[in-house]
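Listed below are the residues making up each chain.
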Amino acid sequence: MTTPVHPVDDVPPLRRLAAFGLQHVLAMYAGAVAVPLIVGGAMKLSAADLAYLITADLLVCGVATLIQCIGFWRFGVRLPIMQGCTFAAVSPMVLIGTTGGGLPAIYGSVIVAGLAIVLLAPAFGRLLRFFPPLVTGTVILIIGVSLLPVAGNWAAGGQGAKDFGEPRNLALAAFVLAVVLGVQRFAPAFLSRVAVLIGIAVGLAVAVPFGFTDFSGVGHADWVGISTPFHFGTPSFHASAIASMLVVALVTMTETTGDLIAVGEMTGRKAEPRSLADGLRADGLSTVLGGVFNTFPYTAYAQNVGLVGMTRVRSRWVVATSGGMLVLLGLLPKLGAVVAAIPAPVLGGAGLVMFGTVAASGLRTLAEVDFKGNHNLTVVAVSVAVGMLPVGVPTAYEKFPAWFQTVMNSGISAGCLTAIVLNLLFNHLPAKATSALSEADGLVGGGDEEGVEKPREEIV
């Protein structure tokens, strides 16, 4: 009798691999190219150098995704995880690059941060016991909600666009959203699983005659481009740059931990301490490769976590196929330029569904938590509030030190750290101070039918 294959390890037919894989590429492409565009733009790089940064980024994105999904030795979580440049590193990298260090100083600090992640991964993996459903559900909810403004910006035309907020942009996004929902509701099972891809394709077909697209960059792009190590010079190592990037490393490890746990919940193969450490170790290796091949730190992409939850396609080989496509895009700049021509409102309509799905997955995990006779509701409420503060008020922490901004300006890391600390405070510390409150009004503990108080760890 053959052992049934877990959905994570299942290999779909080739045509489905291609369709599902392309869907993941389209979901993360805009975010992937945004980091090199922002950093390169801040450093006033030439158009040729910007194009080089983008192709290098796509190449390493693909390699990093392959390492994470397929894995080798103790590198890779072997779950459907897409890798991309982390936004948490943008501000520190711009600061490092524009204060005299330039790109070599950025890459030196990135390489050190990647090595630190590899070394810290086993210790971080053992922290999994501090991520019960109360914490993981809250973190997944925060990931989804914090990404929704990204989809909103896309729907309105893309941040900085001259026609930002024009009704026609929002109408196109709404049309794509309607197509995605219509395909999910009425199409056969296979088509419903590529609803996002169909929505983007139909949206692009509508966008072309209405003048939303600009394919001028395709003609100027080269057919073949190869990223060579240390293209912008030998890395330099500065203590201040390394210190700020090590803070970023801790932030990305926290974010990746949340994403790996979320995907584990969605796929039915929960992340264990060993596999979590393997996933973080792959993050570190990818970040080292980023420093060598002229790009930036890498982390798991939450938008693709939402796509896994929405489509219910759990195969890691689908996302590995996406990694292969990204490698091709990195080697063939002209193909990358075609994908880059997809209008932001088209991506926005699809993003609303994907990111909302992440938030809904968090609510589903929180449904497993007992909220009666304890302070778990407070843990969720305060964690979500802290996580949403930098999303709703991006300048809230601008008067604080740079290291503090690096941590707290990421709503995901801020909310995650808050959830961990509050869960420890309310559910793991000795309950002597609250025992009188429990006896007085039953707010803590709860007890069983015979009046014996439950251990606080069992409440979570």
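Before going further, it helps to spend a moment on the overall build of the protein. A tally of regular secondary structure across the protein gives 18 helices and two strands. Counting only residues that meet the buried cut, the protein has 54% of its 460 residues in that class. Of the contacts made within the protein by residues no fewer than 6 positions apart, 83% connect residues no fewer than 24 positions apart. Counting every atom, the protein has about 19500 Å² of accessible surface; 67% of that belongs to carbon and sulfur.

This brings us to the nonpolar core. Within soluble globular proteins, side chains that are nonpolar generally end up buried alongside one another. Ranked by size, the top nonpolar core spans 102 residues in total, and within it Met-93, Ile-106, Val-196, Ile-200, Met-245, Phe-296 and Leu-326 carry the most contacts. Those residues within four positions of Met-93 in sequence are excluded, and the remaining contacts are Val-35, Val-39, Ile-106, Val-110, Met-245, Phe-296 and Pro-297. Leu-141, Ala-359, Val-379 and Leu-422 belong to the second largest nonpolar core, which has eight residues in total.

Moving on to the packing of aromatic side chains. According to the stated counting rule, one finds five aromatic pairs in the structure shown. On the numbers, 5.9 Å between centres and 90° between planes, the contact of Tyr-52 with Phe-232 is edge-to-face. With a gap of 180 residues between them, Tyr-52 in helix 2 (residues 47-70) and Phe-232 in the loop between helix 8 (216-220) and helix 9 (239-267) connect regions that are remote in the sequence. Look at Phe-232 and you get buried, because its relative accessible area is 18%. A ring pair is formed by Phe-72 and Phe-75, whose centres lie 5.2 Å apart and whose planes are at 20°; its orientation type is stacked. Looking at Phe-72, the relative accessible area reads 41%, which means it is partly exposed. Following the ring pairs from residue to residue traces out a cluster consisting of Phe-72, Trp-73 and Phe-75. A cation over an aromatic ring shows up here: Arg-168 above the ring of Phe-212, its NZ or CZ 4.1 Å from the ring centre.

Turning next to the packing of helix 4 (residues 133-155) against helix 17 (residues 411-427). At a closest axis distance of 9 Å, the pairing of helix 4 and helix 17 adopts a crossing angle of 160°. It follows that helix 4 is roughly antiparallel to helix 17 by the angle criterion. In this structure, helix 4 crosses over helix 17, and the sense of that crossing is right-handed. In this structure, helix 4 uses Leu-134, Val-135, Thr-138, Val-139, Ile-142, Ile-143 and Ser-146 to contact helix 17, whose residues at the interface are Gly-411, Ile-412, Gly-415, Cys-416, Ala-419, Ile-420, Asn-423 and Asn-427.

This part takes up the side chain of Asp-259. Structurally, Asp-259 is set in helix 9. We note that Asp-259 is buried and unpaired, the nearest opposite charge coming from Arg-364 at a distance of 13 Å. Residues within four places of Asp-259 in sequence aside, it is in contact with Ile-81, Ile-143, Ala-300, Tyr-301, Ala-302 and Val-305.

Taking 1.5 Å per residue, 29 residues should reach 42 Å; helix 9 reaches 41 Å between its end C-alpha atoms and fits that length. The buried fraction of helix 9 amounts to 22 of the 29 residues, a majority that puts the element mostly inside the structure. One or two positions beyond helix 9, positive phi appears at Gly-268, with a value near 80°.

Attention now goes to helix 4. Helix length check: helix 4, at 23 residues, gives a terminal C-alpha distance of 32 Å against a target of 33 Å (1.5 Å per residue), a fit within 8%. Taken from the residues just after helix 4, Gly-157 is the one with a positive phi, measuring 125°.

A separate point is a nonpolar patch on the surface. A surface patch of nonpolar side chains, about 230 Å² in accessible area, is lined by Val-208, Phe-215 and Val-338. Tracing the sequence through the fold places Val-338 in helix 13 (residues 333-340). Residue classification places Val-338 among the partly exposed residues on the basis of a relative accessible area of 38%.

A word on the pattern of salt bridges. A complete count under the given rule lists four salt bridges for this structure. The shortest N-O distance in the salt bridge between Asp-278 and Arg-74 comes to 2.8 Å. Of the two residues, Asp-278 sits in helix 10 (residues 273-292) while Arg-74 sits in the loop between helix 2 and strand 1 (83-85), which places them 204 residues apart along the sequence. Taking the relative accessible area as the measure of exposure, Asp-278 reaches 6% and is therefore buried.

What follows covers the environment of Arg-364. Locating Arg-364 in the fold gives a position in helix 14 (residues 344-366). Relative accessible area serves as the criterion here: at 53%, Arg-364 is assigned to the exposed category.

By definition, a disulfide links the sulfur atoms of two cysteine residues through a covalent bond. A full pass over the atoms with the stated rule returns zero disulfides. In this structure Cys-85 is a free cysteine whose sulfur lies 5.3 Å from that of Cys-61, the closest cysteine sulfur available. Since its relative accessible area comes to 0%, Cys-85 is described here as buried.

All right, on to unusual backbone geometry then. In the Ramachandran plot, Arg-78 falls in the positive-phi region, its phi being about 60° despite a non-glycine side chain. Tracing the backbone through its elements, the reader meets Arg-78 in the loop between helix 2 and strand 1. Notably, Phe-230 is not glycine yet its phi reads approximately 55°, a positive angle. Mapped onto the secondary structure, Phe-230 falls in the loop between helix 8 and helix 9.

Turning our attention to the confidence of the model for the protein. Residues at a pLDDT of 70 or more form 88% of the protein, whose mean pLDDT is 80. In the predicted structure, residues 433-460 sits below a pLDDT of 50 and forms 38 contacts with residues beyond four places in sequence or in another chain.

Further remarks concern the environment of Phe-175. One can find Phe-175 in helix 5 (residues 167-186). Classification of Phe-175 as partly exposed rests on a relative accessible area of 34%. Sequence spacing of Phe-175 and Val-202 is 27 residues, and the spatial spacing of their C-alpha atoms is 9.2 Å. Ignoring anything within four residues of it in the chain, the contact list for Phe-175 reads Val-202, Gly-203 and Val-206.

How each quantity is defined
Residues numbered from 1 in each chain as written. Predicted model: local features only at pLDDT ≥ 70, side-chain atom pairs only at ≥ 80, totals over all residues. Heavy atoms only, no water. Helix = DSSP H or I, 4+ residues; strand = E, 2+ residues; numbered from the N terminus. Buried < 20%, exposed > 50% of the residue type's maximum accessible area, 1.4 Å probe, protein only. Contact = heavy atoms within 4.5 Å. Areas by Shrake-Rupley, 256 points an atom, 1.4 Å probe, with all protein chains shown as cover. Core = buried A, V, L, I, M, F, W, Y, C linked by side-chain atoms within 4.5 Å. Phe/Tyr/Trp six-rings, centres within 6.5 Å; stacked < 30°, edge-to-face > 60°. Lys NZ or Arg CZ within 6 Å of the ring centre and 35° of its normal. Axes fitted to C-alpha atoms, helices over the stretch in contact; angles between N-to-C directions. Parallel < 35°, antiparallel > 145°, perpendicular 65-115°, else oblique. Left-handed = near helix turned anticlockwise from the far one by under 90°. Lys, Arg positive; Asp, Glu negative; His and termini not counted. Salt bridge = Lys/Arg side-chain N within 4 Å of Asp/Glu carboxyl O. Expected span 1.5 Å × (residues − 1). Patch = residues over 30% accessible without salt bridge, like charges linked within 9 Å, V, L, I, M, F, W, Y side chains within 5 Å. Disulfide = S-S within 2.5 Å. pLDDT = per-residue confidence, 0-100.

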